[in-house]
Amino acid sequence: MYTALEKPFAMRTTALLVLCAAAGLRAQDYSLGPDSQPREGVPKGVVTRFVLPPGKHYPGTPHNCAIYVPAQYDAAKPAPFMVFLDGSGPLGNAQRVPTVFDNLIAKGDLPPLIGIFVDPGVLPALNDAAQSRFERVFEYDSLSDRFSRFLLEELIPEVGKKYNLSKNPDDHAISGVSTGAVGAFAVAWNRPDQFHRVLSFIGTFVAMKGADGLPALIRKTEPKPIRIFLQEGKNDHVVPSEPYGTFYAGSWPINNQVMLEAFQSAGYDVKLEMGEEGHNMKHGAAIMPEALRWLWRGYPSPIVAKEPADFGKPGWDPRGKAYSIVSSDKGWQQVGANYGAVVSPAGDKDGNVYFADPGASRIYKGDAAGKVTLFKESTRGARVLRAGPDGRMYAAQSGRIVSYGGAGDEKVFAENVDAWDLAITAKGEMYYSDSGRMKVGLIDAKGQVRTVYNGGEIAQPHGLALSPDQAMLVVSDARGRFSWSFQIAADGGLMNGEPFYRLEMPESGWMSGVTGVTLDSIGQVYFATPLGVQMCEANGRTATILNPPEPGAITALAFVGDWLYVAEDGKLFRRAVKVKGVPSWAPAKLPRPPL
């Protein structure tokens, strides 16, 4: 029993011991090791500082930068490079990245790489009484591609004027701390064609400007060829009384763990080192040499996306996975040449694919082997193609719809119709979207035209596709994130419409850009979007995002035979798939959807 005087003292002592124990964890020794110390006889690189003047991506905003060039640099050979955000930190005495580079390059643990260090920009105030605009959060926290374009179009080309930089993405790495870690990952995520290696220290993957959504995107999106090293501290914004974090946007240690699990689920080459520190670089600086060794291990072997090691084993749930649709070793193939535009790929009964170039008023035909020939000239700017059950290819021109026979003979099907997509039933009826008038119309087999949707809830009706049993019509909204499902009435009218499919939106811009849609034989719906091919299960959930062939927006898509064809930036690509499309002339019964 405590006396009245002893009890408060004992309680204070117990509390003090708890706090001391926590402080002891935070005070764990993370001293810099031998690879972070200058060594006699090791060739030393040179660091040169410069100011990058304002450019188009951050107008009016200069950036303080520096370049590390190793002593072993050979101008005759393209040099790998690594970008460090918040560049003054890695250059400083606490992290000593140039010294680490010197030592690891001399040992052969790193290739002779160039370091590019960049601080976040500050927009100078116009006068002494005004505040400057500090760009760090805008540059690093955003998930858009603005910062990657700044690096690829402004900073890296400036460095490339003086040094011979490699263009191989396996030779490019990027590192960031805190919010800079989000920025570093966003660069590789948006441009995996340019960056394959990411180093993340105490990353803020929480709900500040959308980074908390990354784990879900990583799980849904077809894996990209990225290797990532994560470091975090157990006491990052954590105190004994609040073990789940003190920060308003979420727990930084927990969200780094969630990121790790998302990467592992998708099959990435990933590692997380969890230390005892808070939001600082003591632990990160101490393990910097080992982190760099891990990130660059096996160089110059390429980093490639692979199916998860346990994919297909008992207990693995393949539902909704990218590799249930495609294979990692069967990527996109370009079909034909580069055209002014490629719109509306469509397949015929023989497995040929047709696509239009409206600006050139041409329609092309590709066979199953990928050989492309000109099918029809002088098409009056035909912009939509769909194969009908009668074996003819239907095309939407300005103000009318026509059809073509196998020899290219043209017949007018309907007049006074402005169509942006078509869906043709086995009965020969045709639905069309009129984006300008925000409506969906129906042309019956006799050519009679009527409006079946003009409710106004769909901001811009665009893509159309029938369900395999032709009982439902899917209508994409090129402005909104929801695409719609309608039941088809006995008279062909649309009823019971719902915003059924929720799609992922691009980070920049306010419109979804969803312009094309198709379905497979089990009712999964595929949308052409700026993020790639988004697949929704029949129940309406977005389950998978297939990466586009090149950075950019997919604008149209179609299943033809064993291939998925997509249109992107004046090019046609195809990829072998494990699913099957259902042509309009062969309706199929649907299985019960997963719930």
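For clarity, every value in this text was computed on a predicted model and none was experimentally measured. Each residue is numbered by its place in its chain's sequence as written, counting from 1. Note on the predicted model: pLDDT of at least 70 is required for a residue's local features to be given, and 80 or more for side-chain atom pairs to be given and counted; whole-chain, interface and lining totals, by contrast, use all residues. Excluded from the side-chain calculation are hydrogens and water; included are all heavy atoms of the structure.

Engineer: Looking at this structure, I do not really get the overall build of the chain. What am I missing?
Structural biologist: Tallying secondary structure elements over the chain gives 10 helices and 34 strands in all. Principal-axis analysis of the C-alpha atoms gives the chain an extent of 95 × 75 × 60 Å. Within the chain, buried positions represent 52% of all 595 residues. We call two residues in contact when some of their heavy atoms are within 4.5 Å. When contacts within the chain are restricted to residue pairs at least 6 apart in sequence, long-range pairs at least 24 apart make up 60% of them. Throughout, the Shrake-Rupley method with a 1.4 Å probe supplies accessible areas, and for residues the shown protein chains are the sole cover considered. Summed over all atoms, the accessible surface of the chain reaches about 25800 Å², with 53% contributed by carbon and sulfur. Charge counting follows a simple rule: Lys and Arg are positive, Asp and Glu are negative, and His as well as the terminal groups are ignored. A charged residue contributes its charge at one atom only: NZ of Lys, CZ of Arg, CG of Asp or CD of Glu. Here the chain carries 61 positive and 62 negative side-chain charges, and the mean point of each set is 2 Å from the other. Under the scheme used here, helices are H or I runs from DSSP no shorter than 4 residues and strands are E runs no shorter than 2 residues, and both carry numbers assigned from the N terminus. Exposure is judged per residue with a 1.4 Å probe applied to protein chains only, and the accessible area is read against the type maximum: over 50% gives exposed, under 20% gives buried, and values in between give partly exposed.

Engineer: Is there a simple way to explain helix 5 (residues 146-160) in this structure?
Structural biologist: The span one expects for a helix is its residue count, reduced by one, times 1.5 Å. Its 15 residues place the ends of helix 5 20 Å apart at the C-alpha level, agreeing with the 21 Å of an ideal helix rising 1.5 Å per residue. Along helix 5, the largest kink reaches about 30° and is centred on leucine 152. Here helix 5 has its buried residues at Phe147, Ser148, Phe150, Leu151, Leu152, Glu154, Leu155, Ile156 and Val159. The reported bend at a residue is simply the angle between two axes, fitted to the 7 residues ending at it and to the 7 residues beginning with it.

Engineer: Where do I start with the sheet that holds strand 20 (residues 421-424) in this structure?
Structural biologist: Note on pairing: two strands pair once DSSP finds at least 2 bridges between them. An order of 20-21-22-23 is seen for the 4 strands of this open sheet, with the pairing classed as antiparallel. Strands with a single pairing partner mark the edges of an open sheet, and in this sheet they are strand 20 and strand 23 (449-453). Between one strand and the next, the sheet's axes are offset by a mean angle of 30°, whatever the strand orientation. Pairing between strand 22 (residues 439-443) and strand 23: 4 bridges, direction antiparallel. Across the sheet, the residue bridging to valine 440 is tyrosine 453, located in strand 23. Interaxial angle, 0 to 180 degrees, is taken between N-to-C directions of lines fitted to C-alpha atoms, where a helix line uses only the stretch in contact.

Engineer: Is there a simple way to think about the pattern of salt bridges in this case?
Structural biologist: Oppositely charged side chains can form a pair if their charged atoms are brought close together. Salt bridges are identified by distance alone: a Lys or Arg side-chain nitrogen within 4 Å of an Asp or Glu carboxyl oxygen. Across all of its chains, the model carries 28 salt bridges by this definition. In this structure, arginine 437 and aspartate 434 form a salt bridge, with 2.8 Å as the shortest nitrogen-oxygen distance. When its relative accessible area of 52% is taken as the criterion, arginine 437 is described as exposed. The exposure class assigned to aspartate 434 is buried, which follows from its relative accessible area of 3%.

Engineer: So what exactly am I meant to see when it comes to the side chain of threonine 179 here?
Structural biologist: Positionally, threonine 179 belongs in helix 6 (residues 179-190). Within polar-contact distance, the side chain of threonine 179 engages the side chain of aspartate 141 at 3.4 Å. With near-sequence residues (within four places) excluded, threonine 179 lies in contact with Arg136, Tyr140, Asp141, Thr204 and Met208. Counting of polar contacts relies on pairs of N or O atoms within 3.5 Å, with two restrictions inside protein: one atom must be capable of donating a hydrogen and the other of accepting it, and residues adjacent in sequence are counted only when both atoms are side-chain atoms.

Engineer: Sorry if this is basic, but what is going on with the confidence of the model for the chain here?
Structural biologist: Caution applies to low-pLDDT parts of the model: their predicted coordinates are not meant to be read in detail. The pLDDT averaged across the chain works out to 93; a share of 95% of its residues lies at or above 70. Strand 3 (residues 81-85) holds the highest mean pLDDT among the elements of the chain, 99, whereas helix 1 (residues 6-26) holds the lowest, 39. Scored from 0 to 100, pLDDT records how confident the predictor is in each individual residue. Per-residue pLDDT stays below 50 along residues 1-26; that stretch engages in 12 contacts with residues further than four places along the chain or on separate chains.

Engineer: Quick question: what am I supposed to make of the pairing of strand 22 here?
Structural biologist: Along any regular strand, the residues point their side chains to alternate faces of the sheet. Counting buried residues along strand 22, 5 of its 5 residues qualify, which places the element largely inside the surrounding structure. Alignment of strand 21 (residues 430-434) against strand 22, held across 5 bridges, turns out to be antiparallel. Opposite tyrosine 431, over in strand 22, you have leucine 442 as the bridge partner. Linking strand 21 to strand 22, which pair antiparallel, is a turn of 4 residues; within it methionine 438 sits at a positive phi near 55°. Taking the residues between adjacent antiparallel strands as the criterion, strand 22 and strand 23 are bridged by 5 residues, where glycine 447 takes a positive phi near 90°.

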